[in-house]
Each structure stands twice: as C-alpha cells, then as structure tokens.
Amino acid sequence: MPTLLFKSEVNSAHDWKQALQSTMPELEVRVWPEAGDRGDIKYALIWTPIGDVLHTLPNLEVVFSLGAGVDHLLQQEGLRRDVPIVRMVDPALTQGMSEYLLFHVLRYHRHMSEYVVQQRETRWQQLPQDVAHTQHIGIMGLGVMGADVAGKLAALDFTVAGWSRRPKSLPGVQCFHGEGQLRTFLRDTHILICLLPLTPQTKFIINQHTLAALPRGAWVINVARGAHVNEDDLLAALESGHIAGATLDVFADEPLPASHSFWGHPAVTVTPHIASLTNPRTAAAHIVANIHRHQHGEPLTNVVDWEKGY
Ligand code: GLV
C-alpha cells in the first residue's frame, strides 16, 4: 500500500522513509517527486504546501500532517473534504514543547535574562527571588500541548490558568473560555504562552488590546504561529515597557528577515521555529498506528475538523 512522502523542512526524506519502514516494513514509501503510478497512492505525508499535486492522486485516502499545526496545510490546493487530514500528535513532540516552555518560564521566573545582561556589564546584583506560586502563567490553547505544559507548570507550583475557545477542565488549572472571559484571564497573567491553533478567530489575537489587558511587566511567549501576534503592537508594548520581554519562536515571515527589529531587540529572544521539532523515529509510530486503524476500518485519531480549522 504505497505512501507518498513529501519532504519536510528539517528531517530528510531518508530519515522519514527509514523510520516509517522500520515501524511498518510492508509499507511502500515513495518520496516525491518519484511517485510512480499515482493511482497506487493511498496515503500522503505532507508538511509544507506542495503545489497542485493532490489533484493527481485519484485514490488518496488519508493525508498525514508531519507537523502539529495544520493551518498552512488547509490552504493546500486539491484537498478534498472527504479525505481526512490527520494532525501530528506525538508524545515526544508534546514533551519537546513542554521542555521549551518550562525553560523559558523558568528563565523569566529566575531573572536569567537580567543576569545575562548583568554578566555582560560585570555587574553583581542579586534580584528578589519570588516563590513560584506567586507567578501566574496563562496558557492560550489547551489542546494536547497546552494541557501537558499546564500540568507540568502546576507540578512546579506555578499558578496556572488556561484559555480556550470552548470550556475545558484540567486538574490544578483555572480554565477560562471564549471571548467573554479573555480579559479576566489576561488580567492576572504574568507570563503569557500562546499555543493556539491559527484560525481566522485567533489571527492577531495578541494585539494592542490584549497586550494592554496584561499586567505591566508581563512576558509573552509565542510558540504557535507568527500570525497570532500583531508584531507592531508587540514592539510598541515592549517599547513602552508595558511588556517586559518576549520569546518568539514563530514569525509572520519565516525565516525572520535579517532586517527585522526582533533580531537585535534587547527584550526579545528569537528562536528559529524549533520549540518542538517532529522526530521521524517517534512520529512514525503515530502515523503507522493510524494506517493500521484505517486498514482495519477503525476510526482514525487526531483527525482535523474543517469547521474548527484544527
Ligand atoms: C510546527 O510548527 C508544527 O506545527 O508542528
């Protein structure tokens, strides 16, 4: 049952092919553009948009996303509503995201960004050490990744709140939902984490109004999509000191252009969309498990809901 694999940005097609075939030896993996007879292809594995190819696969049954977010994939030409799209949900990907977020929350909480500056200036100054419980972490987006990091932050004794489109309930996390509760959620958030899916409703959700709703001196961490943030509004909020700093892993324009002011901004940490990278070795198990389900006529897991957009 041939599967067509489209190159991902980070991992080579070779790594994916090897990982898939060691998990499921009978899977025939063809790497684009070597598709062979296109009528054979039942599954397509895609990360970035691939042009007008899907139209040419008449027997395609499932599209697998090689990444967690599918906003760009939904823009892909030739997707048919009757061909399910499966999101990448892999415990290793979730763990990687939580590690990145814990690292930056702890960095802000323990004043590491200030101490780095002090070292550069050969300045010895002890800053107050707050207890974790007094630090309010607000997570926008309580999907698999949001829920995981929320639990891990709560286990470290931070005060954790979450905000999502629909009501959710998570142990140890104060959950807010919908437009009506957004301001209340933001009001007490010292460190804001964005893990939302990108949809028309969440585009530019971090803007002058939501930033102004955060307490003065708050920090912002965006690991979702660049388009969640109005970059000019964030720069203005950093300039005024209302926002103390930001850690940004994703940008409206990627790679972040060399001329962008985020690069040299003293209060901004830039990383190149690496908060959590899909690892073919662990992710292959998720894809193969779904292929097995599909072959046995069982429901697929983590199927994208077109209406919700994720
Ligand atoms: C990365 O951004 C992903 O969606 O996996």
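None of these values were measured; they are calculated from a predicted model. (Residues numbered from 1 in each chain as written. Predicted model: local features only at pLDDT ≥ 70, side-chain atom pairs only at ≥ 80, totals over all residues. Heavy atoms only, no water.)

S.K.: Quick rundown of the pattern of salt bridges? Include the residues and the values.
M.R.: Taken as a whole, this structure holds seven salt bridges when the rule is applied. As a salt-bridge pair, Asp71 and Arg225 come within 2.9 Å of each other at their nearest N and O atoms. You can see Asp71 sitting in the loop between β4 (62-65) and β5 (85-86) and its partner Arg225 sitting in the loop between β10 (218-222) and α7 (231-240), a full 154 residues away along the chain. With a closest N to O distance of 3.1 Å, Arg80 and Asp82 form a salt bridge. The exposure class assigned to Asp82 is exposed, which follows from its relative accessible area of 56%. (Salt bridge = Lys/Arg side-chain N within 4 Å of Asp/Glu carboxyl O. Helix = DSSP H or I, 4+ residues; strand = E, 2+ residues; numbered from the N terminus. Buried < 20%, exposed > 50% of the residue type's maximum accessible area, 1.4 Å probe, protein only.)

S.K.: Please provide a residue-by-residue account of the site of the ligand, values included.
M.R.: Taken together, Trp47, Gly67, Ala68, Gly69, Arg225 and His273 make up the full set of residues adjacent to the ligand. In the model, an oxygen atom of the ligand is placed 2.6 Å from a nitrogen or oxygen of the Ala68 main chain. Arg225 places a side-chain nitrogen or oxygen 2.8 Å from an oxygen atom of the ligand. Per-class residue counts for the shell around the ligand are two nonpolar, three polar and one charged. (Near = heavy atom within 4 Å. Polar contact = N/O pair within 3.5 Å; in protein donor to acceptor, adjacent residues only side chain to side chain. Nonpolar A, V, L, I, M, F, W, Y, C, P; charged D, E, K, R; others polar.)

S.K.: Before we move on, could you go through the sheet that holds strand β7 (residues 159-164) and cite the residues and values that matter?
M.R.: Working definition: the strands of a sheet are paired by backbone hydrogen bonds and lie parallel or antiparallel to each other. Taken in spatial order, the seven strands line up as β8-β7-β6-β9-β10-β11-β12 in an open sheet, and their pairing is parallel. Where the open sheet ends on each side, the last strands, each with one partner, are β8 (173-177) and β12 (268-270). Across the sheet, the mean angle from the axis of one strand to that of its neighbour is 15°, orientation sign disregarded. Pairing analysis gives five bridges linking β10 to strand β11 (residues 243-248), with the strands arranged parallel. Bridging from a neighbouring strand, Trp219 pairs with Gly245 of β11. In the packing of helix α4 (residues 144-155) onto the sheet, the strands contacted are β6 (136-140), β7, β8 and β9 (191-194), and the crossing angle to β6 comes to about 170°. (Pairing = 2+ DSSP bridges. Axes fitted to C-alpha atoms, helices over the stretch in contact; angles between N-to-C directions. Contact = heavy atoms within 4.5 Å.)

S.K.: Account for the sheet that holds strand β3 (residues 43-46), with residues named and values stated.
M.R.: The five strands are arranged β2-β1-β3-β4-β5 in an open sheet whose pairing can be described as parallel. Edge strands, defined here as strands with exactly one partner in the open sheet, are β2 (29-31) and β5. Relative to β5, β4 is paired through two bridges, and the arrangement is parallel. Looking at β5, one finds that Val63 is bridged to Ile85.

S.K.: Account for the pairing of β9, naming residues and giving values.
M.R.: Side chains Ile191 and Ile193 of β9 all project onto a buried face; the interleaved residues Leu192 and Cys194 project onto the opposite face, where all are buried too. Sheet analysis places β6 next to β9, joined by four bridges and oriented parallel. Paired with Ile139 across the two strands is Ile193, which belongs to β9. Note: β9 against β10, four bridges, orientation parallel. Note on β10: the bridge partner recorded for Ile191 is Trp219.

S.K.: I'd like a rundown of the side chain of Asn290, residues and numbers included.
M.R.: For Asn290, the position within the fold is in helix α9 (residues 280-295). A polar contact is formed between the side chain of Asn290 and the side chain of Arg293, at a distance of 2.7 Å. With residues near it in sequence (within four places) discarded, Asn290 still touches Phe64, Val86, Leu300 and Thr301.

S.K.: Can you lay out the packing of helix α1 (residues 13-23) against α9 for me, pointing to particular residues and giving the numbers?
M.R.: Closest axis-to-axis distance for the α1/α9 pair is 8 Å, and the angle between their directions is 50°. In this view, α1 runs oblique relative to α9, as classed from their interaxial angle. Handedness of the α1/α9 crossing: right-handed. Of the residues in α9, those touching α1 at Asp15, Trp16, Ala19, Leu20 and Thr23 are Pro280, Arg281, Ala283, Ala284, Ala285, Ile287 and Val288. For the contact of α1 with α9, the per-class residue count stands at nine nonpolar, one polar and two charged. (Parallel < 35°, antiparallel > 145°, perpendicular 65-115°, else oblique. Left-handed = near helix turned anticlockwise from the far one by under 90°.)

S.K.: An account of the domain arrangement of the protein is needed here, citing residue identities and associated values.
M.R.: When the parts of a complex come together, some accessible area is lost, and that lost area is often taken as the interface size. What the domain assignment lists for the protein is domain 1 (3-90 + 278-295) and domain 2 (91-270). One C-alpha centre belongs to domain 1, the other to domain 2, and the line joining them spans 32 Å. Counting residues at the interface gives ten residues for domain 1 and eight residues for domain 2. Both faces considered, domain 1 and domain 2 share a buried interface measuring about 690 Å² in area, 60% of it formed by carbon and sulfur atoms. Looking at the side of domain 1 facing domain 2, the largest losses of area belong to Asp71, Val89 and Asp90, adding up to 64% of the total buried there. The tally of links from domain 1 across to domain 2 stands at one salt bridge. Where domain 1 touches domain 2, the interface holds four residue pairs in polar contact (both at pLDDT 80 or more). (Domains from an automatic or database assignment. Buried area = accessible area lost by both parts, 1.4 Å probe.)

S.K.: Describe in detail unusual backbone geometry, supporting the description with residues and values.
M.R.: Here the amide bond leading from Trp32 into Pro33 is cis, since omega sits at 10°, within 30 degrees of zero. Relative to the assigned elements, Pro33 resides in the loop between β2 and β3. Note that the residue after Glu254, namely Pro255, is joined by a cis bond; omega there is -5°. For Pro255, the location among the structural elements is in the loop between β11 and α8 (261-264). A positive phi angle is found at Thr122, which is not glycine, with a value near 45°. Within the secondary structure, Thr122 sits in the loop between α3 (112-120) and β6. Taking the relative accessible area as the measure of exposure, Thr122 reaches 76% and is therefore exposed. Located in the positive-phi region is Asn302, a residue other than glycine, with phi close to 60°. Locating Asn302 in the fold gives a position in the segment after α9.

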